[in-house]
Amino acid sequence: MERAGLPTAHICSIIPISKTVGANRIVPSVAIPHPLGDPAKTPEQEKAIRRRLVETALKALETDISEQQVFEVGPD
Amino acid sequence: MAKVHVVHYLNQFFGGLGGEEKADLGPQWFDGPKGPGQLLQTLAPDIEIVGTVTAGDNYMAENTDAAVDEVVGLIEKNAGAEIDLLLAGPAFNAGRYGMACGAVCQAVQERLEKPAITALYPENPAVDIYRKAVTIVRAGSDVMGMRDAVGGMVAVAKKLVEEQAIDPATDGTISRGLRQNTFAESTGAQRAIDMLMRKLRGDAFETEYAMPVFSRVPPAPPVKDLSSATVALVTSGGIVPRGNPDRIESASASKYGEYSLKGLERLTPESHQTVHGGYDPTYANQDPNRVLPLDVMRDLEREGRIGRLADTYFATVGNATSVERAEQFGREIAGKLINFGALAVILTST
Amino acid sequence: MPLVLHKHAVAEVGIGTGSGFQQGRLTIDREALVSYVRSQVSRVTDVRVGIARPGEATRIVCVKDVIQPRVKKEGAEAGDGILCVLENVAVVTCGPIVGFQEGIIDMSGPGAEHTPFSQFPLIVLEIDVVEGLDPHLHEEAVREAGLAAAGFVAEVCRDTEPDEIEMVALTEISTEADLPRIAYVYPVLCQGLLHDTYVFGRNAKEGLPITVAPEVVMDNGVVSGNCVSACDKNTTYHHQNNPVIAELLRGHGSRWNFVGIVLTPAPTRLAEKENAAKAAIEQVVQLKAEGAIVSKEGFGNPDADMMMIVRGLEQAGIRTVGLTDEFAGTDGGSQSLADTTPEADAIVSTGNANERIELPAMKTIFGPLPDVTRLAGGYPHSLRDDGTMEVELQAIIGSTNELGFGRLTCREV
């Protein structure tokens, strides 16, 4: 999709794989079975985590990059 | 073994019709062997060249698809059901000729369902394009290598007709770059320890899988202002409408689905599920937003952080799905998203 | 104290009245086995027991685990005492699909060549559980039922003379022997439902990496709760008969010095993966190893664990060989791994799991056949009306085992 000109934020857990397969805008997520959630937290906390991940992804989509970059999610 | 009936493809030069000045000649049929075909015939009396198709290098290069149709048409008309195999070339390091040989071989395999062989110099540009689809015998860079190349084609031809496996290491073919299963003499554990002992002693060892090089993509330019842009969601985490209407496979997915988000505020266990077979599905099934964050995207849409969320999302299963197929999905999905007017994508993976 | 294996070779298995074992003939009392399993696992409602023999036109589907019957005769500690082992037989659990990744065993035909479990008789348990059971509890019930059945079966040889006695103990080798020091890094999956492994009775999420001796692993130390794709899930049988450990023990003291096993987890969070790899590498360094074999379970995210471990060991000066299978697409034309590293320059391939195989119809079927279309490696059109099937090797139990149990490999053509 990036090749076609669509900036694409890849939210995924295992960053080394994302880098290996060539994603450009990478956002580290929570865990493989629940990348954008955490069953150990309350639903409200989970949604807050999810929102921070998506906001980081949006920031990645707005950022000019020249090579692969990992966009870390900020603290609470 | 019964005689092998072969059709031979040659360019205008090796077909004896002339040099560069005849490169515009269209495909023609001749009964029996011509040029290198005569050598081939003497090397292998059990091969019978029933006919030869010749065509000019420029004619083939300029309008390849139609020209290949003509070649295949001539073969069908004149040799029909008789043909066991197609041989093309050798084309050595000749670029246009090599491309024509590759294209004709591939077309004969696909449309006439007969094996086909060409012979090329490893650096011929046609090698990269056709090596996966077509059996290519390793040839020298020019006509000095004719005898070896033709001999190699004969040996491989017999194996192909008898449906034997071709091994580049012993058959002199160019590797197709395909991984093929075979049983080794010893178990994987034994081979691993043998390899480790060699490595520790400093002896030569051969890895059974050389690390591949993945392609890199230049980053797409950013979208400076998402508040007026359409953003789309794509996932390889297998989130589909409950019941899996497209029957996407839990592993080695052969397809992706496109599903409407219209009127949906969030995903629920009643509306959506995961079909991904590579992770514990409990959490995604309890709350599919944990993989496809629709609830948050709707909030951000309402707040004006993004212009709007695309009405359609795309989903497939990344589990054991080959890189090649994933690239194909990516190309197709990108085309559709661009048609929808999406400017940016959030892709979630598990 | 070493572990002493009392091995009993099974030649024949049958159903009869009163369980017993005489002159290689193992008899299973079906009612007694069923009531024992039900008494041990309350959530099991029904168990159908059958025997599948090599060469028969028999197919077992949605296989969850394969377990070698073993019972501890003496000794309470793991890796110590006498363990009675029934050889050339296994207990197989199957039944309705729980996840996606349970597999197929064919006892004859082309599928049989791709699973080690077609080579000896199998005691097959089709297990039903109470309706509406949560998937985690369903998996647990089936796992416990299999272990209970294997224990029950093994009881028959407790008081019989063994055919063979084998001592397993990792003896110290004098450093003067000047043999290369080799360690084994043994990753196990711990990723939630149908992806968990149990080490010494505890979920492998806790307490790993840990350095252990082979006799401890062989003493039923590792149990599969795991249904990653059938081809490269390590069943309990594989753990009980780990071929890397067996081979390393065979040459210990003569060709190399086997210095120990580091059991390490393959979890789901990146930070956990990084921490586990780091700790495992440290433990291999502690063992003063010069070389290490790194095996694997599963594919995709475990590729990342393997590459981290291989890279770290090589950077610490420890030479490695990794065992992995490949997912190169049905035509073999795609890249095989999700993660790579240049340090992984010595890889043993255990085959392309995407390669398709045509399987004939079978006369006897254990388990719910239509579920094969939902297995990892199956397709919606996998099962035809006449009972023939086309699946990927991925769906066959143990076909590309990454402990190196089989002989399958991949070459470039």
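The numbers attached to residues start from 1 for each chain and follow its sequence in the written order. Lettering for chains starts from A, numbering for ligands starts from 1, and both go in the order in which the items are written. Reporting in this predicted model follows two pLDDT cut-offs: at least 70 for local features of residues, and 80 or more for side-chain atom pairs to be given and counted; totals over whole chains, interfaces and linings ignore these cut-offs and use all residues. Computation of side-chain values covers all heavy atoms of the structure but excludes hydrogens and water.

Asks: What is the right way to look at the interface of chain C and chain A in this model?
Replies: Interface size is commonly expressed as the accessible surface area that is lost when the partners come together. The criterion used for residue contact is that any of the two residues' heavy atoms lie within 4.5 Å. Contacts between chain C and chain A engage 13 residues on the former and 13 residues on the latter. Two parts lose some accessible area (1.4 Å probe) when they are put together, and adding that loss for both gives the buried area. Here chain C packs against chain A, burying approximately 940 Å² in sum over the two surfaces, 66% of which is carbon and sulfur. The largest share of the area that chain C buries against chain A comes from C:Thr268, C:Arg269 and C:Leu270, three residues that together contribute 50% of it. By definition, a salt bridge exists where a carboxyl oxygen of Asp or Glu is found within 4 Å of a side-chain nitrogen of Lys or Arg. Taken together, the connections running from chain C to chain A amount to 1 salt bridge. In this structure, C:Arg269 engages A:Asp38 in a salt bridge whose closest nitrogen and oxygen atoms are separated by 3.7 Å. Think of a polar contact as two N or O atoms within 3.5 Å of one another; within protein, one of them needs to be a possible hydrogen donor and the other a possible acceptor, and neighboring residues in sequence only count if both atoms come from side chains. Where chain C touches chain A, the interface holds 2 residue pairs in polar contact (both at pLDDT 80 or more). Among the elements of the structure, helix H6 (270-286) and helix H7 (301-315) of chain C are those that each provide at least two residues to the side of chain C that touches chain A. Each helix corresponds to a stretch of at least 4 residues labelled H or I by DSSP, and each strand to a stretch of at least 2 residues labelled E; elements are numbered beginning at the N terminus. No other element matches H7(C), which puts 3 residues into the side of chain C that touches chain A. Under the scheme applied, nonpolar residues are Ala, Val, Leu, Ile, Met, Phe, Trp, Tyr, Cys and Pro; charged residues are Asp, Glu, Lys and Arg; polar residues are all the others, including Gly. Considered class by class, the residues forming the side of chain C that touches chain A number 5 nonpolar, 5 polar and 3 charged.

Asks: How should I be thinking about the sheet that holds strand S4 (residues 25-29) of chain C in this particular structure?
Replies: In any sheet, the strands associate via hydrogen bonds between backbone groups, in a parallel or an antiparallel arrangement. Residue and element names in this part refer to chain C. By the convention used here, strands pair only if DSSP detects at least 2 bridges between them. Strand order in the open sheet made by the 3 strands is S2-S4-S3, with mixed pairing throughout. Where the open sheet ends on each side, the last strands, each with one partner, are strand S2 (12-16) and strand S3 (20-22). On average, each strand axis in the sheet is inclined to that of its neighbour by 20°, with strand direction left out of account. Bridge analysis of S2 against S4 gives 5 bridges, and the strand direction is parallel. Note that in S4 the partner of Glu-12 across the bridge is Arg-25. Here the axes come from fitting lines to C-alpha atoms, over the contacting stretch only for helices, and the angles between their N-to-C directions go from 0 to 180 degrees. Sheet strands touched by helix H1 (residues 30-40): S2 and S4. Its angle to S4, the strand with the most contacts, is close to 60°.

Asks: Help me understand the domain arrangement of chain C, please; the structure alone is not making it clear to me.
Replies: Residues and elements named next belong to chain C. For the purposes of this description, domain bounds are those given by an automatic or database domain assignment. Domain boundaries assigned for chain C yield domain 1 (3-163 + 356-381) and domain 2 (170-355). For domain 1 and domain 2, the distance between their C-alpha centres works out to 26 Å. Buried surface at the junction of domain 1 and domain 2, both sides included, amounts to about 2,300 Å², of which 57% is carbon and sulfur. Applying the counting criterion to the domain 1 and domain 2 interface returns 1 salt bridge. With a closest N to O distance of 2.6 Å, Asp-219 and Lys-72 form a salt bridge. If you look at where domain 1 meets domain 2, you find 11 residue pairs in polar contact (both at pLDDT 80 or more). Secondary-structure elements contributing two or more residues to the side of domain 1 that touches domain 2 are strand S6 (58-67), strand S7 (70-74), helix H2 (135-154) and strand S22 (356-359).

Asks: Would you take a moment to explain the confidence of the model for chain C for this structure?
Replies: Residues shown with low pLDDT carry predicted positions that ought not to be read at fine detail. Scored between 0 and 100, pLDDT is the confidence that the predictor attaches to each residue. Summarising the model, chain C shows a mean pLDDT of 92, and 98% of its residues fall at 70 or more. Here the predicted complex scores 0.84 on pTM and 0.97 on ipTM.

Asks: So what exactly am I meant to see when it comes to the side chain of C:Thr93 here?
Replies: Positionally, C:Thr93 belongs in strand S9 (residues 90-94). Every residue in contact with C:Thr93, bar those within four places of it in the chain, is listed here: C:Cys62, C:Val63, C:Lys64, C:Asp65, C:Leu125, C:Ile127, C:Val142 and C:Gly146.

Asks: Is there a simple way to explain H6(C) in this structure?
Replies: In an α-helix, one full turn covers 3.6 residues, which means residues spaced three or four apart are oriented alike. Given a helix with a known number of residues, its expected span is that number minus one, times 1.5 Å. The terminal C-alpha atoms of H6(C) lie 24 Å apart, and with 17 residues this matches the ideal 24 Å at 1.5 Å per residue to within 8%. On its buried side, H6(C) packs onto helix H1 (15-21) of chain A together with strand S13 (181-189), strand S16 (210-212), strand S18 (257-266) and H7 of chain C. One or two residues past the end of H6(C) sits C:Lys288, with phi positive at roughly 55°.

Asks: I tried to follow helix H8 (residues 188-201) of chain B on my own but got confused; where do I start?
Replies: Residues and elements named next belong to chain B. Relative to the 20 Å expected for 14 residues at 1.5 Å per residue, H8 spans 20 Å between its end C-alpha atoms, a close match to the ideal helical length. Buried residues are those whose accessible area, probed at 1.4 Å on protein chains only, stays under 20% of the maximum for their type, while exposed residues exceed 50% and partly exposed ones sit between those limits. Every buried residue of H8 is listed here: Gly-188, Ala-189, Arg-191, Ala-192, Ile-193, Met-195, Leu-196, Met-197 and Lys-199. Where H8 ends, the next residue or the one after it, Gly-202, has phi of about 85°, a positive value.

Asks: Help me out: how do you make sense of the packing of aromatic side chains in this one?
Replies: For any pair of aromatic rings, the description consists of the separation of the ring centres together with the inter-plane angle of the planes. Residue and element names in this part refer to chain B. The rule is short: rings of Phe, Tyr and Trp, with Trp giving its six-membered ring, pair when the centres are within 6.5 Å, and they are stacked under 30 degrees, edge-to-face over 60, tilted in between. What the rule picks out here adds up to 14 aromatic pairs over all chains. Both rings, one in Phe-14 and one in Phe-92, keep their centres 6.2 Å apart while their planes meet at 50°; by these two values the pair is tilted. With Phe-14 in the loop between strand S1 (4-11) and strand S2 (28-31) and Phe-92 in strand S4 (residues 85-92), the pair connects residues that are 78 residues apart, well separated along the chain. Owing to a relative accessible area of 4%, Phe-92 belongs among the buried residues under this scheme.

Asks: Explain the pattern of salt bridges to me, please; I cannot follow it from the model alone.
Replies: Pairs can form between side chains of opposite charge whenever their charged atoms are close. With the rule as written, the count across this model stands at 50 salt bridges over all chains. Residues C:Glu412 and B:Arg179 are paired through a salt bridge, measuring 3.3 Å at the closest nitrogen-oxygen approach. With C:Glu412 in strand S25 (residues 408-412) and B:Arg179 in strand S7 (residues 179-183), this pair bridges two chains. The class for B:Arg179 is buried, based on a relative accessible area of 7%. Linking C:Arg53 and C:Glu56 is a salt bridge whose minimum nitrogen-to-oxygen distance equals 3.6 Å.

Asks: When you look at the sheet that holds S16(C) in this model, what are you seeing that I'm missing?
Replies: Residues and elements named next belong to chain C. Reading across the sheet, the 6 strands line up as S16-S18-S13-S19-S20-S21 and stay open at both edges, with mixed pairing between neighbours. At either end of the open sheet lies a strand with only one pairing partner, and these are S16 and strand S21 (347-352). Across the sheet, the axes of successive neighbouring strands diverge by a mean angle of 20°, strand direction being ignored. Contacting S13, S16 and S18, H6 crosses the sheet at an angle of about 170° to S18.

Asks: When you look at the pairing of strand S10 (residues 103-106) of chain C in this model, what are you seeing that I'm missing?
Replies: As a general feature of sheets, a regular strand has side chains that alternate between the two faces. Residues and elements named next belong to chain C. Here S10 shows two buried faces, one formed by Gly-103 and Ile-105 and the other by Ile-104 and Asp-106. In this structure, S6 lies alongside S10, joined through 3 bridges in antiparallel fashion. Bridge pairing in S10 places Arg-59 opposite Asp-106.

Asks: Is there a simple way to explain the confidence of the model for chain B in this structure?
Replies: Mean pLDDT over chain B: 93, with 100% of residues reaching 70 or higher. The weakest mean pLDDT in chain B belongs to helix H7 (residues 168-171) of chain B at 90; the strongest belongs to H8(B) at 98.

Asks: Looking at this structure, I do not really get the interface of chain B and chain C. What am I missing?
Replies: Counting from both sides, the interface comprises 58 residues of chain B and, opposite them, 74 residues of chain C. Both faces combined, the contact of chain B with chain C buries some 5,600 Å², and carbon together with sulfur accounts for 58% of it. When the buried area of chain B at its contact with chain C is split by residue, B:Arg179, B:Asn181 and B:Phe183 rank highest and sum to 14% of it. If you look at where chain B meets chain C, you find 5 salt bridges. The residue C:Glu326 makes a salt bridge to B:Arg179 at a minimum N-O spacing of 2.5 Å. Between chain B and chain C we count 33 residue pairs in polar contact (both at pLDDT 80 or more) in total. Secondary-structure elements contributing two or more residues to the side of chain B that touches chain C are S7, H8 and helix H11 (323-340) of chain B. Take the side of chain B that touches chain C: its biggest share by element is 12 residues, from H8(B). Pairing analysis gives 5 bridges linking S7(B) to S25(C), with the strands arranged antiparallel.

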